[in-house]
Amino acid sequence: FDTDKQWATWFKDDLNCPPYLANDPQTRQLFRRWCATNVTVDEVEAATARALAAGEAPLPALLHDHLKVIRQAKIDRAQA
């Protein structure tokens with residue numbers, strides 16, 4: 001995705017994120033950050049699975065924390 005609007009649409013359609021949350025200014029800021037740092041759909045899906053396994057709702061703010069872990073693991077594997 002290239003824009004936060006595309007991310008928000010994906011979140012609403014594919015992850016069943018409520019529209020009020022997908023359009024929240026803080027969520028939109030996260031989407032813009034994810035676009036700027038080239039977060040992939042696969043990474044968000046992995047973060048979603050990680051959040052669900054931890055018993056957490058896959059809300060964007062929580063997913064951001066899980067994304068950090070996923071991306072750090074990716075960096076660590078690349079450096080090994």
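All values reported here derive from a predicted model rather than from experimental measurement. (Residues numbered from 1 in each chain as written. Predicted model: local features only at pLDDT ≥ 70, side-chain atom pairs only at ≥ 80, totals over all residues. Heavy atoms only, no water.)

S.K.: Can you break down the nonpolar core residue by residue, with the values?
M.R.: Nonpolar side chains tend toward joint burial in soluble globular proteins. Trp7, Phe11, Trp34, Val44 and Leu63 are the most contacted members of the largest nonpolar core, which has 17 residues in total. Secondary structure elements with two or more residues in this core: helix H1 (4-14), helix H2 (19-22), helix H3 (25-36), helix H4 (41-53) and helix H5 (60-79). For leucine 63, the contacting residues outside a window of four places in its chain are Phe11, Trp34, Val44, Ala47, Thr48, Ala51 and Pro58. (Core = buried A, V, L, I, M, F, W, Y, C linked by side-chain atoms within 4.5 Å. Buried < 20%, exposed > 50% of the residue type's maximum accessible area, 1.4 Å probe, protein only. Helix = DSSP H or I, 4+ residues; strand = E, 2+ residues; numbered from the N terminus. Contact = heavy atoms within 4.5 Å.)

S.K.: Residue-level account of the packing of aromatic side chains, with values.
M.R.: Aromatic rings considered in pairs are described by the distance between their centres and by the relative angle of their planes. Applying the stated rule across the entire model yields seven aromatic pairs. Relative to phenylalanine 31, the ring of tryptophan 7 lies with its centre 6.5 Å away and its plane at 15°, an arrangement referred to as stacked. On the criterion of sequence distance, the pair formed by tryptophan 7 in helix H1 and phenylalanine 31 in helix H3 is long-range, its members being 24 residues apart. Grouping residues by exposure puts tryptophan 7 and phenylalanine 31 together as buried. With 5.9 Å between their ring centres and 35° between their planes, phenylalanine 11 and tryptophan 34 make a pair best called tilted. Linking phenylalanine 11 in helix H1 with tryptophan 34 in helix H3, this pair joins segments that are 23 residues apart in sequence. Across the pair, exposure class does not vary: phenylalanine 11 and tryptophan 34 are buried alike. Feature note: the residues Trp7, Trp10, Phe11, Phe31 and Trp34 constitute an aromatic cluster, connected by ring pairs. (Phe/Tyr/Trp six-rings, centres within 6.5 Å; stacked < 30°, edge-to-face > 60°.)

Function cannot be inferred from these measures alone, as they are strictly geometric.
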